[in-house]
Amino acid sequence: MTSPITDHPQHGLPGGSTAPVDESPPLRPSGGLRSAQAADRLARDGGNVLPTRRPPPLWRRVVSQLRDPLVLVLLAAAGFTLATADFTDASVILFVIVVNTTVGVIQEVKAERAITALSALTAPAARVVRDGEQREVPAADLVIGDLLILAEGDIVPADAHVVEASALLIDEAALTGESAPVDKCPGSDGAAADVSAGTVVVRGRGHAVITATGAASAMGRIAAMMTTAPALTPLQRRLAGVGRFLAVGALVLCAVVLALGVFRGQPLQLMIITAITLVVAAVPESLPAVVTLSLALGARRMTARNAVIRRLPAVETLGSVTVLATDKTGTLTEGHMVLRQLWTPTGDAHVEGTGYTPHGDIRRDGTVVAGDAAPDLSQLLRAVALCNDGALHPPDADNPDWQPVGDPTEVALLTAAAKLGIDREALQAQLTRIGEEPFDSVRKRMSTTHHLPDGATRIICKGAPEAVLQPAVLNEPAELIERAAARADALAGDGYRVLAVAQADHPASTVCGEPEQSMRLLGLVAILDPPRASAAATIAACQRAGITPVLITGDHPATAGAIAVELGIIGAGDEVVDCRTAEPGARAGQGARVFARATPQQKVAIIDALQAAGQVVAMTGDGVNDGPALHRADIGVAMGKRGTEVARQAADLVLADDELATVVAAAEEGRRVYANIRRFLLYALSGGAAEIAVMLAGPFVGLALPLLPAQILWINLITHGLPGLALGSEPVEPAVMNRPPRPPSETILGAGLWQRILRVGTVIAGVTIGVGIWAHTTDRPWQTLTFLALGITQLAVALGSRARPGTRANPMLLAAVAVALTLQLAGIYLPPLQSLLGTQPPAITDLLIVTALASLGYTAIRLDRRLHPTKRPAPAP
């Protein structure tokens with residue numbers, strides 16, 4: 001059975017001899033390619049993809065790793081030892097270089113592949129006419145000759161020539177730099193009828209035939225000149241600064257070690273190599289690779305939780321978000337609009353039913369009414385069915401439910417009209433649409449023009465009550481307008497979205513002057529978008545995590561206030577800022593949390609004010625008018641299912657499931673990534689500090705040269721290698737979302753981390769020197785036991801650094817520590833390594849004593865965590 005509800009851009013697309021009749025002009029796609037034609041052209045011309053920077057060859061990746069300043073120090077040390085025929089130390093140093101370079105290249109390739117996979121998840125799509133029907137295809141599959149369907153909010157996916165349009169306005173700023181949008185008219189010559197890839201449809205609808213794709217498009221020619229390498233993330237830049245600081249400090253301290261050794265009669269060559277080795281050991285050269293891997297793994301974990309990261313730095317920023325600015329429709333609410341209340345000058349009516357299924361009664365005073373018995377309701381619903389760009393498709397073999405197409409508000413109007421028995425298809429055939437004035441965020445109303453059977457013309461207008469209920473639009477008594485406005489306010493106060501509907505008939509087929517005037521008020525429709533079941537819990541989770549929720553919407557203040565109170569964003573009676581009468585930026589800086597009737601410019605002003613107050617802002621949005629605010633926010637969050645292409649391309653994070661709770665999950669993942677990077681810094685830098693301390697203090701307690709250069713490098717290799725990387729995979733701490741976020745100004749070593757490094761490093765050094773003194777005074781192989789104690793104590797610290805000690809979480813760390821411990825023991829028991837490292841096999845009892853003492857590293861870091869927990873100031877209210 002044919003559905004009575006269709007959409008004029010969606011049905012009856014000609015392209016074959018059996019094309020159905022189209023009853024809904026003015027935009028009727030004609031032509032379009034056949035699928036076989038499109039496939040042939042795609043194979044011939046290639047995909048509609050922009051030029052990208054080619055991945056560097058393997059040799060360039062290796063050179064990039066070797067250019068790291070710390071690796072250069074190792075290369076210099078290797079060269080010096082080879083020049084002096086010290087082949088043992090040279091082989092260890094070169095082995096360290098090979099391992100670090102190999103790991104770095106592998107991690108770089110894996111990170112690039114992960115980001116490529118994530119990019120594929122957010123690849124744009126386009127609507128085209130193929131085989132006589134409209135369909136959505138990946139933008140990469142577009143070919144020359146395809147007939148594009150353009151609508152407000154779309155990013156034009158390829159160069160094309162406009163063949164039909166209705167009020168089509170294109171923002172070409174991304175291509176030309178001109179801030180003013182440009183009208184596009186079919187039939188014109190040159191630029192007036194051409195649209196370019198990368199430009200944005202800001203108003204209206206249109207059809208255009210593709211003329212150039214991929215590298216041949218205007219955007220492709222520009223992209224070919226933009227092949228610069230990606231910049232470092234803010235965290236990587238901060239870590240680079242920390243690395244430089246630590247390197248300078250380590251150089252100074254190692255110069256002291258060099259001077260002390262020479263002063264005590266040690267060979268100059270040996271002390272130079274020892275000093276260079278200490279520099280490398282003190283500053284972990286694997287840190288940049290660990291950071292990149294942590295970010296990439298965090299992005300992959302977020303994707304598994306339906307949060308697709310489009311830009312890798314967003315992983316880092318998410319952990320410090322202090323304000324979550326969100327819209328209402330579809331984010332806090334279900335986005336499935338249901339028309340619940342009707343009002344006409346005659347009276348009210350209630351509409352029953354759920355979702356988009358067109359089944360349910362319409363009741364007035366408790367009695368079910370039909371269209372014939374309520375001509376005022378019939379006229380109202382006939383008007384909203386005509387002044388409508390939505391569509392509702394019946395269930396089929398692939399979709400068991402009624403499928404909405406277009407704006408959920410408009411589909412809700414169609415659903416209510418069908419409940420009253422209105423056949424939209426027949427209505428469109430009777431009252432053909434011959435013109436339209438699309439809705440935009442400035443006018444806040446939409447009008448359509450229809451041809452009546454007797455030759456007259458009907459204008460239908462629907463929009464926000466304040467845009468329709470005014471003398472400039474209506475030819476009604478002031479008393480009726482005031483009564484309608486009061487009823488609209490009452491409905492909005494109950495949480496409904498209210499639209500006013502009016503119409504006017506003109507005897508001539510051509511309407512002269514301004515059509516939206518001298519109209520007759522038909523009534524009001526009140527639509528409810530119920531809150532999501534998870535919304536209240538999500539808002540509460542934000543507040544527990546120190547993230548302040550802020551609601552910014554274009555809806556009525558009363559509607560916004562009702563939803564905000566119900567979800568716990570504000571309390572009853574708290575302020576709701578009406579952006580039409582108040583300066584939203586100033587009120588945002590004063591702590592306001594709900595903003596209604598906000599324009600795109602005002603959304604940006606609110607974001608700016610929050611950032612000026614020191615907040616880190618995540619902004620959610622789905623429409624083209626959210627693009628500027630998404631771009632301005634620290635983290636732009638777009639909806640993956642219902643979001644426009646403009647919103648998705650402007651965002652840093654795309655929610656594949658459109659659930660606000662996913663933002664909270666992503667923030668948790670961001671905190672996990674940042675915590676794991678700090679965890680690695682604590683582990684690695686405390687070990688490096690201990691190594692320097694041992695080399696400095698050793699000569700003063702009778703240990704002339706506590707460790708050989710090869711031994712230091714071996715410890716650095718096994719501790720900073722697998723265990724260090726495994727720490728980047730630690731699970732999130734149980735209470736991480738019950739604490740406030742880190743302040744934006746906090747340094748990577750802030751919140752007491754550098755003090756913890758010193759305390760833990762002191763314990764490691766103390767255990768190591770204690771073992772060395774004991775072994776030296778008892779005629780044991782003291783240098784070997786010192787080497788053993790330093791390595792095992794650092795591994796004990798790695799075990800104590802776990803987020804959830806005593807559990808099976810992150811088995812990779814347990815395995816990494818086991819491998820590292822095996823390598824440490826191999827260094828003292830395997831003859832080839834004994835010769836390489838200068839070690840001697842100790843007695844089993846000595847090994848057990850050292851292992852027991854090394855466990856103090858585990859005890860120290862666990863105790864330090866309890867006695868000196870990380871403390872951060874509470875976020876500003």
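Note on numbering: residues in each chain are counted from 1, in written sequence order. In keeping with the predicted nature of the model, local features appear solely for residues at pLDDT of at least 70, side-chain atom pairs appear and are counted solely at 80 or more, and the whole-chain, interface and lining totals rest on all residues. Only hydrogens and water are set aside; all other atoms, that is, all heavy atoms of the structure, feed into the side-chain values.

A. View of the packing of helix α23 (residues 709–720) against helix α27 (residues 811–829). Every axis in this analysis is a line fitted to C-alpha atoms, fitted for helices over the stretch in contact. Angles between the N-to-C directions lie between 0 and 180 degrees. Helix and strand labels come from DSSP, where a helix needs a run of H or I of at least four residues and a strand needs a run of E of at least two; each type is numbered from the N terminus. For the pair α23 and α27, interaxial distance at closest approach is 9 Å and the crossing angle is 160°. With respect to their mutual orientation, α23 and α27 come out roughly antiparallel. In terms of crossing hand, the pair formed by α23 and α27 is right-handed. Listed contacts from α27 to Trp714, Ile715 and Ile718 of α23 are Ala820, Leu823 and Gln824. In this classification, Asp, Glu, Lys and Arg are treated as charged, Ala, Val, Leu, Ile, Met, Phe, Trp, Tyr, Cys and Pro as nonpolar, and every other residue, Gly included, as polar. Of the residues belonging to the contact of α23 with α27, the class tally is five nonpolar, one polar and no charged. Working rule for angles: under 35 degrees goes down as roughly parallel, over 145 as roughly antiparallel, 65 to 115 as roughly perpendicular, anything else as oblique. Note: crossing handedness is left-handed where the near helix turns anticlockwise from the far helix by less than a right angle, and right-handed where it turns clockwise. Residues count as neighbours in contact if any of their non-hydrogen atoms are within 4.5 Å of one another.

B. Examining the sheet that holds strand β21 (residues 548–552) more closely. What the eight strands build is an open sheet, ordered β8-β26-β25-β24-β9-β21-β23-β22; its pairing is mixed. Strands at the two margins of the open sheet, each flanked by one partner only, are β8 (307–309) and β22 (577–578). A pair of strands is considered paired only if DSSP assigns at least 2 bridges between the two. Relative to strand β24 (residues 617–621), strand β9 (residues 323–326) is paired through three bridges, and the arrangement is parallel. Bridge assignment links Ala325 to a residue of β24, and that residue is Met619. With respect to the sheet, helix α22 (residues 661–697) is in contact with β8, β9, β24, β25 (635–639) and β26 (653–655), its orientation differing from that of β26 by roughly 135°.

C. Structural detail: the nonpolar core. Ile309, Leu318, Ile569, Leu653 and Leu749 are the most contacted members of the largest nonpolar core, which has 97 residues in total. The greatest single-element share of this core, amounting to 16 residues, is contributed by α22. Residues within four places of Leu653 in sequence aside, it is in contact with Ala307, Val308, Ile309, Leu318, Gly636, Val637, Ala638 and Ala666. Counting 34 residues, the second largest nonpolar core, distinct from the first, contains Ala412, Leu413, Leu414 and Leu499. Grouping buried Ala, Val, Leu, Ile, Met, Phe, Trp, Tyr and Cys residues that are joined through side-chain atoms within 4.5 Å yields what is termed a nonpolar core. Buried residues are those whose accessible area, probed at 1.4 Å on protein chains only, stays under 20% of the maximum for their type, while exposed residues exceed 50% and partly exposed ones sit between those limits.

D. Focus on the pattern of salt bridges. Throughout this description, the term salt bridge denotes a Lys or Arg side-chain nitrogen within 4 Å of a carboxyl oxygen of Asp or Glu. Scanning the entire structure with this criterion turns up 33 salt bridges. A salt bridge links Asp361 to Arg363, with the nearest nitrogen and oxygen atoms 3.8 Å apart. On the accessibility criterion, Asp361 (32% relative accessible area) is partly exposed. A salt bridge links Arg532 to Glu659, with the nearest nitrogen and oxygen atoms 3.0 Å apart. With Arg532 in the loop between β20 (520–528) and α16 (535–544) and Glu659 in the loop between β26 and α22, the pair connects residues that are 127 residues apart, well separated along the chain. The exposure class assigned to Arg532 is buried, which follows from its relative accessible area of 14%. Salt bridges linked by common partners bring Arg301, Arg305, Glu668, Glu669 and Arg672 together as one network.

E. Expanded view of the sheet that holds strand β16 (residues 432–437). What the nine strands build is an open sheet, ordered β13-β12-β11-β10-β20-β19-β18-β17-β16; its pairing is antiparallel. The strands lining the two open edges of the sheet, one partner per strand, are β13 (367–368) and β16. The pairing of strand β18 (residues 457–463) with strand β19 (residues 497–506) spans seven bridges and is antiparallel. Within the sheet, the bridge partner assigned to Thr457 lies in β19 and is His506. Docked against the sheet, helix α11 (residues 375–386) engages β10 (338–344), β11 (347–351), β12 (362–364), β16, β17 (445–451), β18, β19 and β20, running at close to 75° with respect to β20. Taken strand by strand, helix α15 (residues 478–493) contacts β10, β11, β19 and β20, and its axis lies near 5° from that of β20.

F. Geometry of the environment of Thr367. Take Thr367: it is sitting in strand β13. In sequence terms Thr367 and Ala349 are 18 residues apart; their C-alpha atoms lie 9.5 Å from each other.

G. Molecular detail of unusual backbone geometry. At Asp779, a residue that is not glycine, the phi angle is positive and equals roughly 60°. In this structure, Asn810 is a non-glycine residue whose phi angle is positive, near 55°. Positionally, Asn810 belongs in the loop between α26 (782–800) and α27. The buried category is assigned to Asn810, whose relative accessible area is 9%.

H. Main features of the confidence of the model for the chain. Per-residue confidence for the chain averages 79 on the pLDDT scale, and 81% of its residues sit at or above 70. Within the model, the stretch residues 1–29 combines pLDDT values under 50 with 84 contacts to residues more than four positions away or in other chains. Below pLDDT 50 for its whole length, residues 225–231 participates in four contacts with residues either more than four positions away or in separate chains. Predictor confidence is given residue by residue as pLDDT, running from a minimum of 0 to a maximum of 100.

I. Spatial organisation of α22. In this model α22 runs 53 Å from its N-terminal to its C-terminal C-alpha over 37 residues, within 8% of the 54 Å that 1.5 Å per residue would give. Within α22, 32 of the 37 residues are buried, leaving the element largely enclosed by the surrounding structure. Helix span, expected: 1.5 Å multiplied by one less than the number of residues in the helix.

J. Region of interest: the side chain of Asp578. Tracing the backbone shows Asp578 in strand β22. The exposure class of Asp578 is buried, given its relative accessible area of 15%.

K. Representation of the state of the cysteines in the model. When two cysteine sulfur atoms are found within 2.5 Å, that pair is recorded as a disulfide. Under the counting rule described, the total for this entry stands at zero disulfides. The structure places no disulfide on Cys387, whose sulfur is separated from the nearest cysteine sulfur, that of Cys461, by 6.8 Å.

L. Molecular detail of the environment of Arg264. The topology assignment puts Arg264 in the loop between α7 (234–263) and α8 (268–282). C-alpha separation for the pair Arg264 and Leu705, spaced 441 residues apart in sequence, amounts to 9.8 Å.

M. Geometry of the pairing of strand β4 (residues 159–171). Where β4 lies against strand β7 (residues 200–212), 10 bridges are found, and the strand directions are antiparallel. Bridging from a neighbouring strand, Ser166 pairs with Arg205 of β7. Note that β4 and strand β6 (residues 194–195) share two bridges and pair antiparallel. From the neighbouring strand, Ala160 faces β6, where its bridge partner is Val195. As paired strands, β4 and strand β5 (residues 182–183) are joined by two bridges and run antiparallel to one another. Counterpart to Leu169 in the pairing with β5 is Asp183.

N. Examining a nonpolar patch on the surface more closely. Taken together, the side chains of Val248, Val252 and Val256 present a nonpolar region at the surface, about 240 Å² in accessible area. Its place among the elements puts Val248 in helix α7. We classify Val248 as exposed; its relative accessible area is 51%. Put simply, a patch holds well-exposed residues, over 30% relative accessible area, that have no salt bridge, with like charges counted together within 9 Å and Val, Leu, Ile, Met, Phe, Trp or Tyr side chains within 5 Å. Here, Shrake-Rupley sampling with a 1.4 Å probe gives the accessible areas, and only protein chains in the shown set may cover a residue.

O. A look at helix α19 (residues 600–612). For α19, with 13 residues, the first-to-last C-alpha span of 19 Å sits near the 18 Å given by 1.5 Å per residue. Among the residues making up α19, those that are buried are Pro600, Gln602, Lys603, Val604, Ile606, Ile607, Ala609 and Leu610. Close packing links the buried residues of α19 with β9, β21, α18 (584–589), β23 (594–596), β24 and α20 (627–632). Looking one or two residues past α19, Gly614 carries a phi angle of roughly 90°, positive in sign.

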